[in-house]
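Notes for the structure review
The residues making up each chain are set out below.
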Amino acid sequence: MDSQPDQELHVIFIPYPSPGHMIPMVDTARLFAKHGANVTIITTHANASTFQKAIDSDFNCGYHIRTQVVPFPAAHVGLPDGAENIKDGTSIQMLGKLVQGISMLKDQIEPLIQDMKPDCLVTDMFYPWTVDFAAKLGIPRLYYYSSSYFSTCATYFIRKHKPQQRLVSDTHKFIIPGLPQTIEMTPLQLEPWLRTKTVATGYLDAVYEAESKSYGALYNNFYELESDYEKLYKSTIGIKSWSVGPVSAWVNKDDETKANRGHKEDLAQESEWLNWLNSKQNESVVYVSFGSLTRLPHTQIIEIAHGLESSGHDFIWVIRKKDGDEDGHSFLQEFEQRMKVSNKGFIIWNWAPQLLILDHPAIGGIVTHCGWNTILESVNAGLPMVTWPMYAEQFYNEKLLVDVLKIGVPVGSKENMLWVTIDEDETVGRENIAKAIVQLMGREESKEMRRRARKFGDASKKSIEEGGSSYNNLMQLLDELKSLKMSRALEKK
Ligand code: UDP
């Protein structure tokens, strides 16, 4: 903060508009600013409104951070005003329009960056075009990825060796090649674009090519969690990487920022869930969340409700409403009422203050779709998990939790499918759900897993303290970027 403007490092962050991508990148941008960088975040209006409060507050504390808004071409792609984020995609058609609108932002962003003359671009994995653009400007591009090294390594070796193609059935198991451990999965658990060549396959090829051409990668992760896979990543992809997480715990220290982080729709419920959790014994409640995007079919909701009830454990469950699902709404209203009377469960509609909930002493475990941010936030809180992967790289994350870190109980999820394509009859049954929760929450059954989860929680918290691995990585990266800036300035003279 005390550096001269011309010596100050100017870093532009371009987050992808989906909560699981945007939340950690904004947190990382705030960390850069808190450690002396001049930061600009480029996004669209509706997306900026979900985090602007935190940026204003940092700015008012004297940090050099601001948001640069560009208009979203909603009308152009046939979307209603304000639909600017992947989480607004309730059908495959709408998702297509959102992706199209997001790809059109490039034409507005490029001239802006050119004018701003930054020293570095930190851009989401899904903006492969930024690598050539950064090269044209003569500045480094950092590839931003908020997920596991394990998932990147697994994807790399599966793309390279295609072990799934040697099987006669989609449900037979193959061993993921190239990994230091024997990890099995089935072709059905792979992302659809890996199973069949689609438009997405070509796009993802461009993403990975741009990754390998980047100056380095920034991971929302900490070294102690997956050191073997971090080393493997560096040697296989062949670029530098910095683990600087968990960024959410690092930058959101007080309850207000924790509560306001990300998207928040329903303030009124706040004291209610807190009072409810306060009335529960330590480590007695399971938190159930499927992330920011998933809306489950009615048949699956029914199975979860019965599974939770018959597990006998108290629960707090975040449910995203599905438009037009009237049967589902009336079933859930009745269920919610019954849970209120028995005091066994609490439902939060649409959006939960997840960081606050996970840190509450009454929470003893989580049922998760294996989105990386939720995993890392749970790890930081020292919690074991029931793993219920659904799409993207979540099945790899499940393998990491269950087979490598041994802090996860699998619910038995079989097929990798986007939330908008999950079918009414593709459900995980109530018995499997109840069984996994009993294994997670039972004192004896989960003893060893709980001990390991606590150990990772301690390591996570240490990594972001002064002198910790993630702390040191961020400081080292900022120094390196400053040296690059100086070298460029000298070359110009
Ligand atoms: N999140 C939240 N409240 C919710 C749902 C999600 O705060 O009700 C946050 C969660 O803490 C995490 C992010 O949204 O930081 C979701 O990212 P994740 O990688 O877990 O899953 P995704 O939503 O990308 O599938």
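Residues numbered from 1 in each chain as written. Predicted model: local features only at pLDDT ≥ 70, side-chain atom pairs only at ≥ 80, totals over all residues. Heavy atoms only, no water.

Brief notes about the overall build of the chain
Across its full length, the chain holds 22 helices and 15 strands. Taken against the 2.2 N^0.38 rule, which gives 23 Å for 493 residues, the C-alpha radius of gyration of the chain at 22 Å falls within 12% of a compact globule. Projected onto its principal axes, the C-alpha coordinates of the chain cover approximately 75 × 55 × 50 Å. Burial status across the chain gives 58% buried among its 493 residues. Of the contacts made within the chain by residues no fewer than 6 positions apart, 71% connect residues no fewer than 24 positions apart. Summed over its atoms, the accessible surface of the chain is roughly 20,500 Å², and 51% of this surface lies on carbon and sulfur atoms. (Helix = DSSP H or I, 4+ residues; strand = E, 2+ residues; numbered from the N terminus. Rg over C-alpha atoms; globule rule 2.2 N^0.38 Å. Buried < 20%, exposed > 50% of the residue type's maximum accessible area, 1.4 Å probe, protein only. Contact = heavy atoms within 4.5 Å. Areas by Shrake-Rupley, 256 points an atom, 1.4 Å probe, with all protein chains shown as cover.)

Some thoughts on the pattern of salt bridges
Tallied over the entire structure, the rule returns 21 salt bridges. Salt-bridge contacts for Asp58 lead to Lys34; the nearest nitrogen and oxygen are separated by 3.7 Å. In this pair, Asp58 sits in helix α3 (residues 52-60) while Lys34 sits in helix α1 (residues 19-34), placing the two residues 24 residues apart along the sequence. Using a relative accessible area of 30% as the deciding quantity, one classes Lys34 as partly exposed. (Salt bridge = Lys/Arg side-chain N within 4 Å of Asp/Glu carboxyl O.)

Quick word on the pairing of strand β1 (residues 10-14)
Of all five residues in β1, five are buried; the element is thus mostly enclosed. Alternating residues of β1 divide into His10, Ile12 and Ile14 and Val11 and Phe13, and every residue in both groups is buried. Summarising the sheet, β1 and strand β2 (residues 38-44) pair through four bridges and their orientation is parallel. Its bridge partner being in β2, His10 is matched across the sheet by Asn38. Note on the crossover from β1 through α1 to β2: the handedness is right-handed. Sheet topology note: the β1/strand β4 (residues 120-124) ladder contains four bridges and is parallel. Bridging across to β4, Ile14 finds its partner in Thr123. (Pairing = 2+ DSSP bridges. Right-handed = clockwise from strand over helix to strand, strands pointing away.)

Structural notes on α3
Ala54, Ile55 and Asp58 are the residues of α3 that are buried. Angularly, the buried residues of α3 cover 100° about the axis, an arc narrow enough to put them on a single face. Relative to its buried face, α3 has exposed residues pointing more than 90 degrees away, namely Lys53, Phe59 and Asn60. Those residues of α3 that are buried lie in contact with α1, β2 and β3 (65-70). Taken from the residues just after α3, Gly62 is the one with a positive phi, measuring 105°. (Arc of directions from axis to C-beta.)

Thoughts on the sheet that holds strand β8 (residues 216-219)
Reading across the sheet, the seven strands line up as β3-β2-β1-β4-β5-β8-β9 and stay open at both edges, with parallel pairing between neighbours. In this open sheet, the two edge strands, each paired with only one partner strand, are β3 and β9 (240-243). Across this sheet, the average inter-strand angle for adjacent strands is 25°, counted without regard to direction. (Axes fitted to C-alpha atoms, helices over the stretch in contact; angles between N-to-C directions.)

Examining the state of the cysteines
Considering all chains together, one arrives at zero disulfides under this definition. Free of any disulfide, Cys153 has its nearest cysteine sulfur in Cys370, 18 Å distant. (Disulfide = S-S within 2.5 Å.)

A short note on the sheet that holds strand β14 (residues 385-387)
Across the sheet, which stays open at both edges, the six strands sit in the order β12-β11-β10-β13-β14-β15 with parallel pairing between neighbours. In the strand order of this sheet, the two ends are held by β12 (345-349) and β15 (408-410), each with one partner. Taking the axes of each pair of neighbouring strands and ignoring which way they run, one obtains an average angle of 20° across the sheet. Of the strand pairs in this sheet, β14 and β15 are connected by three bridges, and their pairing is parallel. Directly across from Met385, in β15, lies its bridge partner Gly408.

Observations regarding helix α11 (residues 227-237)
The complete set of buried residues in α11 reads Tyr229, Glu230, Leu232, Tyr233 and Ile237. Angular distribution of buried residues about the axis of α11 spans 160°; they occupy a single face of the element. At the exit of α11 stands Gly238, carrying a positive phi of roughly 80°.

Examining the environment of Asn432
Relative to the helices and strands, Asn432 resides in helix α20 (residues 430-441). Residue class for Asn432 comes out partly exposed when judged on its relative accessible area of 37%. Each C-alpha atom of the pair Asn432 and Pro410 lies 9.3 Å from the other, and the pair is 22 residues apart in sequence.

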